[in-house]
Amino acid sequence: MSDQIQFIVEKLNQEPFRKNYNLITFDSLESMQLLQLLNDVLGEIDPKHAVDIREELPEQTAKRMLSLLGILKYKPPGSISDLSAFRQGLVTGSKPVIHPVLHWLLQRTNELKKRAYLARFLVKLEVPAEFLQDDTVADINKQYEELMEAFKNLHKECEQLKTSGLSTAEIRRDISAMEEEKDQLIKRVERLKKRVETVQNHQRMLEIARQLRLEKEREESLAQQKQEQKNQLFHAEQRLQRAQLQLKEMHHAVVDSKPESLMKKLEEEINFNSYLVTEKIPRELESKKNSTYFLQKVVAEPAMSQSDLNALEIKINEVNAQINQLIEKRMMKYEPIDSKFSMYRQQASIISRKKEAKAEELQAAKEEMASAERQMLQKTNQAHELEGSEVLKGDEFKHYVNKLRSKNTFYKKKRLEIAEITAEYGILQRTEELLKQRHEAIQQQLQAIEDKKGISGYSYTQEELERVSAVKSEMDEMKGRTLDNMSEMVKKLNIMVAEKKASLAPVIKELRQLRQKCQELTQECDEKKIQYDSCAAGLESNRSTLEQEVKGLLEECVQEESNYHYINCMKRNLEIQLQRAKEEMKAYVSPDPQERRKAIREQYTRMILEQENLGKKLREKQKVVRESHGPNMKQIKMWQDFEQLMECKRECFLKQQNQTAIGQVIQEGGKDRLVL
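Residues numbered from 1 in each chain as written. Predicted model: local features only at pLDDT ≥ 70, side-chain atom pairs only at ≥ 80, totals over all residues. Heavy atoms only, no water.

Student: So what's going on with helix α3 (residues 31-45)? Residues and values would help.
Tutor: The terminal C-alpha atoms of α3 lie 21 Å apart, and with 15 residues this matches the ideal 21 Å at 1.5 Å per residue to within 8%. Buried within α3 are the following residues: L34, L35, L37, L38, N39, V41, L42, G43 and I45. (Helix = DSSP H or I, 4+ residues; strand = E, 2+ residues; numbered from the N terminus. Expected span 1.5 Å × (residues − 1). Buried < 20%, exposed > 50% of the residue type's maximum accessible area, 1.4 Å probe, protein only.)

Take a look at the structure:
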């Protein structure tokens, strides 16, 4: 209970409550204050409940709190009779009722905020069946349910986006940065257009620049294709080298081996590949598919809280326990029947596991061999590129030939020995077959004689009796040896026990005394522990009060320090302003004209005079422009008319040149005459 109260006090002292409680002040709260505190916590979870309980009736307060606790799925401890006591305690503000509710709410505040937010949209309004018979009400209710489902889907998508690591703030920053870059590029393009428009034939130059860019892109794509083709050529050469190496190995294998060994090797490879294709790879593929399905299912579900994970773990443990119980029942039920096959099943499972392990080892070895072959090819290519092919010369070649001859003679000798041994093995095998046939014939004759004499099976029984008697004599000897060994061992053990007892007697006496001392010390320790706990509880309460006081004093100290620094800064600012005012006054009163010019007042008066003179000049200029505006506009109009007239003359002259000569134009005294 004390841990519960300690947790509540710690949470209430943190944000956003900041109540500054300790254990004593919290325990001394009255029922009305406790109810208001509970209402504040509920108001933090759902802002609709942030009200003053003094402004409403106790029944309304209890009803409102009970409805919200029901939405938040709070389960009060106890049975149905305890539920009525819980309601009564909630109305009266009983501590045994309020404290567990506060502890439960403060443990999962964020989760309950989310649940309260969703309850506003997902708590379904119950419409009576007689109202649903109306078509309009039924349609509205259907739309309401569809909107509720749409809200569920949108909320799931929102949670998935939140958990996916994408931040809206980061996206907004990226969008704003991209928009700024876009504006900068647009401005740069406009500036470049303005620069280019002043250049002659800028359209043709732009077209040429566009073609240049396209050609560069094409050049880059062609270079990329060239690099890809080089890579393909390199890979093809490597494949060719590997194929040549495999061909050489196959030639060597054909020369040095027999058809039986080749067939056996091929059968082993076929068996291994068929095992991979039919058993191993489908099983691995099925396991990968199952894991992918479960992962997709987990990703599709909404984000889960810690409480949901704990509930799932509890369910998993319960299901595993049920599975173990069912397996034990099945084993107990079918054990007499399957006892003969259990050993074979275990052996089969062990063999299958060994088979899988060996297959994995073989596959890893093949991959390692392939990588080693690739490395060898690379090294040989590098060696050929650097030094060329290696050729044996002189004494090395003679030594190599002599070595081959000696190996050939040794091989021939061994081959002759193998041929002799195989011939001898064939003779011995034939001899064994003949002896077996003769033994069977003798056995048949002996059996026929026994049947005639009426003692069939005598020889077999005699052999069995001899064998059993031999086994019995061996067992008797073993039993005798075992009994002798056991008697000797018992004697040795008795001697050792007596020695250990004699050596442990003083130790046991000391142990008894130590046990008595231990009991006395444990009693004393318990008494001291009780005293310590009581003293620690008192010191803890004093410590909490002192901590609160120290915290308040530290906050006051920090506030006073901040005020002190603020006053110092203000004082420095005022001193600087006062110093500037003194310097200004000194410069203004000084008889020296140079010092007086440095004064701010003189500078501003001088600037004001300059601006006034500039304004007068601009006004005079404006007056001149206004007076000359009308004549200037007339002159512009006359020049435009003159330009149109000259353009018209030019067009007429061009037309005249293009037409056939109809008459003669004579220009005299500034006039044009046409003579036909």
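So, next bit.
Student: Mind laying out the nonpolar core, listing which residues take part and the relevant values?
Tutor: Side chains that are nonpolar tend, in soluble globular proteins, to be buried together. If you look at the biggest cluster of nonpolar residues, it comprises 32 residues, and the most contacted ones within it are L12, F26, L38, L72, L102 and L105. Elements represented by at least two residues in this core include exactly α1 (2-13), α3, α4 (58-71), α5 (80-92), α6 (95-107) and α7 (109-122). If we skip the residues at most four places from it in the chain, L38 touches M65, L90, I98, V101, L102 and L105. (Core = buried A, V, L, I, M, F, W, Y, C linked by side-chain atoms within 4.5 Å. Contact = heavy atoms within 4.5 Å.)

Student: Can you break down the pattern of salt bridges residue by residue, with the values?
Tutor: Applying the stated criterion across every chain, the model contains 12 salt bridges. When the shortest N-O distance is used, the salt bridge between E149 and K152 registers 3.7 Å. One end of the pair is E149 and the other is K152, both in helix α9 (residues 135-163) and 3 residues apart, which spans about a single turn. The class for K152 is partly exposed, based on a relative accessible area of 33%. Of the charged contacts in the structure, one is a salt bridge between R430 and E433, with a shortest N-O distance of 3.5 Å. Here E433 and R430 lie together in helix α14 (residues 395-453), a separation of 3 residues that amounts to about one turn. (Salt bridge = Lys/Arg side-chain N within 4 Å of Asp/Glu carboxyl O.)

Student: Now, about the packing of α3 against α6: what can you tell me, with residues and values included?
Tutor: Following both chains from N to C, one finds α3 and α6 inclined at 20 degrees, their axes separated by 11 Å at the closest point. Taken together, α3 and α6 sit at an angle that is classed as roughly parallel. Every pair of crossing elements has a handedness; the one defined by α3 and α6 is left-handed. Packed against α3, whose contacting residues are L34, L35, L37, L38, V41, L42 and I45, the element α6 presents K95, I98, H99, V101, L102, L105 and L106 at the interface. Residue composition of the contact of α3 with α6, grouped by class: 12 nonpolar, 1 polar and 1 charged. (Axes fitted to C-alpha atoms, helices over the stretch in contact; angles between N-to-C directions. Parallel < 35°, antiparallel > 145°, perpendicular 65-115°, else oblique. Left-handed = near helix turned anticlockwise from the far one by under 90°. Nonpolar A, V, L, I, M, F, W, Y, C, P; charged D, E, K, R; others polar.)

Student: Any chance you could break down the side chain of D46 for me, citing the residues and the numbers?
Tutor: Structurally, D46 can be placed in the loop between α3 and α4. Overall, the relative accessible area of 6% leaves D46 in the buried class. Residue contacts for D46: discarding those within four places in its chain leaves L68 and A116.

Student: Run through the packing of aromatic side chains, naming residues and quoting values.
Tutor: For the coordinates displayed, the defined rule picks out 3 aromatic pairs. Measuring from centroid to centroid gives 6.0 Å for W639 and F642, while their planes differ by 85 degrees, and the two rings are edge-to-face. Of this pair, W639 and F642 both sit in helix α17 (residues 600-658), 3 residues apart, roughly one helical turn. The partly exposed category is assigned to F642, whose relative accessible area is 44%. (Phe/Tyr/Trp six-rings, centres within 6.5 Å; stacked < 30°, edge-to-face > 60°.)

Student: For a positive patch on the surface, give the residues involved together with the corresponding values.
Tutor: Judged by side-chain charge, K187, R188, R191 and R195 come together as a positively charged surface patch. You can see K187 is positioned in helix α10 (residues 168-197). Overall, K187 belongs to the exposed group, its relative accessible area being 52%. (Patch = residues over 30% accessible without salt bridge, like charges linked within 9 Å, V, L, I, M, F, W, Y side chains within 5 Å. Areas by Shrake-Rupley, 256 points an atom, 1.4 Å probe, with all protein chains shown as cover. Lys, Arg positive; Asp, Glu negative; His and termini not counted. Charge placed at Lys NZ, Arg CZ, Asp CG, Glu CD.)

Student: Before we move on, could you go through the side chain of H103 and cite the residues and values that matter?
Tutor: Residue placement: H103 occurs in helix α6. Given the relative accessible area of 18%, H103 is considered buried. When near neighbours in sequence (up to four residues on either side) are disregarded, H103 contacts Q4, F7 and I8.

Student: Explain the state of the cysteines residue by residue, including any values.
Tutor: For the coordinates displayed, the defined rule picks out 0 disulfides. A disulfide-free cysteine, C648 has its sulfur positioned 4.3 Å from the sulfur of C652, the nearest such atom. According to the relative accessible area criterion, C648 is partly exposed, its value standing at 40%. (Disulfide = S-S within 2.5 Å.)

Student: Which residues make up α6, and what values go with them?
Tutor: For α6, spanning 13 residues, the distance from its first C-alpha to its last is 18 Å, which sits close to the expected 18 Å at 1.5 Å a residue. Listed as buried for α6 are V97, I98, H99, V101, L102, H103, W104, L105 and L106.

Student: A description of a nonpolar patch on the surface should follow, citing residues and the corresponding values.
Tutor: A contiguous nonpolar surface patch, about 410 Å² in accessible area, is contributed by I600, Y604, M607 and I608. With respect to the element layout, I600 can be found in helix α17. We classify I600 as partly exposed; its relative accessible area is 37%.

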